[in-house]
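# Remarks on the overall topology
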Amino acid sequence: MAGNRRFRPGGGFGRQLDVHETRVGVPPPAEPAAPPSGGMADSAVYIRGHRFASPSGLAETYRCLQEQEHDGAMAWIGLYRPDIDQITSLAREFRLHDLAVEDAINAHQRPKLERYGDTLFVVLRAARYDDLREEVEFSELHLFIGPGLVVTVRHGEAPDLAAVRRRMETDAPMLARGPEAVLYAILDQVVDGYAPVVAGLENDIDEIETQVFGGDPNASRRIYGLSREVIQFQRAARPLLTVLGALADGAGSSDEELRRYLRDVTDHLTQVVERVDGFRHLLQNILTVNATLVSQQQNEEMRSLTAASYAQNEELKKVSSWAAILFAPTLIGTVYGMNFVHMPELNWRFGYLFALLLMVLVCGTLYLVFKRRGWL
C-alpha cells in the first residue's frame, strides 16, 4: 500500500500468480457468511473494479497485491473473529497503528473514526433483530481503510459483508473508486440493517402497550428489558452520526460523489436515531402509565379488602351480640339448676317466675345496649 508499506518489486499484470485467479467479469466464489471456527472469510485483489485474484491466505494476498501495485490493485480482506496471529500479521505487513490493532483485538468499542497517517480506523456496531427471541443482537465491526487496502474484522454475525461484496462486484465503476467506496457500501449496509430492528422494536412496544392496559403483571419486566435494548441501540447508532458527518465533510475521501452517497446514508441514520429517541421517551411514558395502573389496581384491591373486612366485622358484631344475649339466660339457668339444699329462692313460691323475669330483663337490656351501639 503506497505510503503505508513497502512493496517488493513484482511481476506485471499478465504474469502467472500462485493464487486462484479469476478473469474480469467472471462471478467470484461466494463469501461464507461466517467461518465456523473464525479466520479469513474472503480475500480478493481488485483491479479497476474487477476481481483479479482470490487468494486463499494472507501471505498470497500480500504477494498478489505487491505484484499488481503498479496497476492500482486494491485488496479487500474479510476476517471473522480472527486470532491474534492474523491481526499481528496484518499490522506488520501494512504497518497498522498499535492502538488500532489493540482495539481490533479487544473489541467492545463504541462507533468511532480515527486516522493514523494515511489509514482510517473505523468502528461500527451492527444490529440484528431476532424474531424468535424478540431480542436485538449487537455485533462489532472494525475496518482499516488505506491506499489500496480494505480490512474488515467482524466480531459477530452482522452485517452481511458477503452481500456487500457481491453488490460491489456487480458495480465495477463504484468499486473502482477505491477503498472509500467499500467503506461507503459497508456503512450503507449497517444503516440499512437498522431498519428491521426499528420495526421489531416498534412491534414490541405495541405489544407492551396491550399488556399494560390488559393488566399483565409481566409488563414491567418486559418494559425494562426493552428499554435496555433501546439504550444499547442508541449507543450503536447515535455515535455513527459523528462518523458519517466527518466522512461526508471530507475526512475519508475527496470524491464528491461518494460524499453525496454518505450524506444520503446520514439522512437515513438520522431518521433511525430520531425514531429510537422517540422509542425511549415512549417507553418511559409507558412505564409511568404502568406504575399508575398498578397503583390503581392495588388501591382497588385494598378497598375491596377493606370493605370485606368491614363487612366481616359487622357480622362478627352481630354474632358477638347474640352470643352475649343468649349467654345471660344460660348463666342464670345454670346457677338455678344447681341442686344444692341450702340455696336461696329454691323453696320460694315465686322463684321460677323470678328467674324467668330476670332472664328476660337481662336479655332485653343487652339487646337495647347493642342495638344502640349499632351492633344489631
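Structure first, text after, so check above.
Notes on the structure in this doc start here. Keep in mind the model is a prediction, meaning the values are calculated, not measured.

### What to know about helix H2 (residues 84–94)
What H2 keeps buried is the set Gln 86, Ile 87, Ser 89, Leu 90, Ala 91, Glu 93 and Phe 94. Between the side-chain oxygen of the N-cap and the backbone nitrogen of Asp 85 there are 3.2 Å, and the N-cap of H2 in question is Asp 83. Two residues or fewer after H2 comes Arg 95, characterised by a positive phi angle close to 55°.

### Let's talk about helix H4 (residues 161–169)
Every buried residue of H4 is listed here: Leu 161, Ala 162, Val 164, Arg 165, Met 168 and Glu 169. Angular distribution of buried residues about the axis of H4 spans 160°; they occupy a single face of the element. Where H4 begins, one side-chain oxygen reaches toward the backbone nitrogen of Ala 162, 3.3 Å away; that side chain belongs to Asp 160.

### Observations concerning the nonpolar core
In this structure, Leu 124, Met 168, Ile 186, Tyr 194, Phe 233 and Leu 240 are the most contacted members of the largest nonpolar core, which totals 57 residues. With 16 residues, the top contributor of residues to this core is helix H6 (residues 179–213). Look past the residues within four positions of Leu 240 in its chain and what remains in contact with it is Pro 111, Leu 124, Leu 187, Val 190, Val 191, Tyr 194 and Leu 269. Grouped together as the second largest cluster of nonpolar side chains are 27 residues, Ile 47, Cys 64, Leu 90 and Leu 96 included.

### Thoughts on the packing of helix H1 (residues 58–67) against H2
At a closest axis distance of 11 Å, the pairing of H1 and H2 adopts a crossing angle of 20°. Considered as vectors, H1 and H2 are oriented roughly parallel to each other. Considering how the two elements wind past one another, H1 and H2 form a crossing that is right-handed. Note on element contacts: H2 touches H1 through Gln 86, Ser 89, Leu 90, Glu 93 and Phe 94, opposite Leu 58, Tyr 62, Leu 65 and Gln 66. Residue classes in the contact of H1 with H2 are distributed as five nonpolar, three polar and one charged.

### Section: the side chain of Asp 103
Along the polypeptide, Asp 103 turns up in helix H3 (residues 98–106). In terms of polar contacts, Asp 103 uses its side chain to reach the side chain of Lys 112, at 2.9 Å. Those residues in contact with Asp 103 that sit more than four places away from it in its chain are Gln 109, Lys 112, Phe 121 and His 142.

How each quantity is defined
Residues numbered from 1 in each chain as written. Predicted model: local features only at pLDDT ≥ 70, side-chain atom pairs only at ≥ 80, totals over all residues. Heavy atoms only, no water. Buried < 20%, exposed > 50% of the residue type's maximum accessible area, 1.4 Å probe, protein only. Helix = DSSP H or I, 4+ residues; strand = E, 2+ residues; numbered from the N terminus. Polar contact = N/O pair within 3.5 Å; in protein donor to acceptor, adjacent residues only side chain to side chain. Arc of directions from axis to C-beta. Core = buried A, V, L, I, M, F, W, Y, C linked by side-chain atoms within 4.5 Å. Contact = heavy atoms within 4.5 Å. Axes fitted to C-alpha atoms, helices over the stretch in contact; angles between N-to-C directions. Parallel < 35°, antiparallel > 145°, perpendicular 65-115°, else oblique. Left-handed = near helix turned anticlockwise from the far one by under 90°. Nonpolar A, V, L, I, M, F, W, Y, C, P; charged D, E, K, R; others polar.

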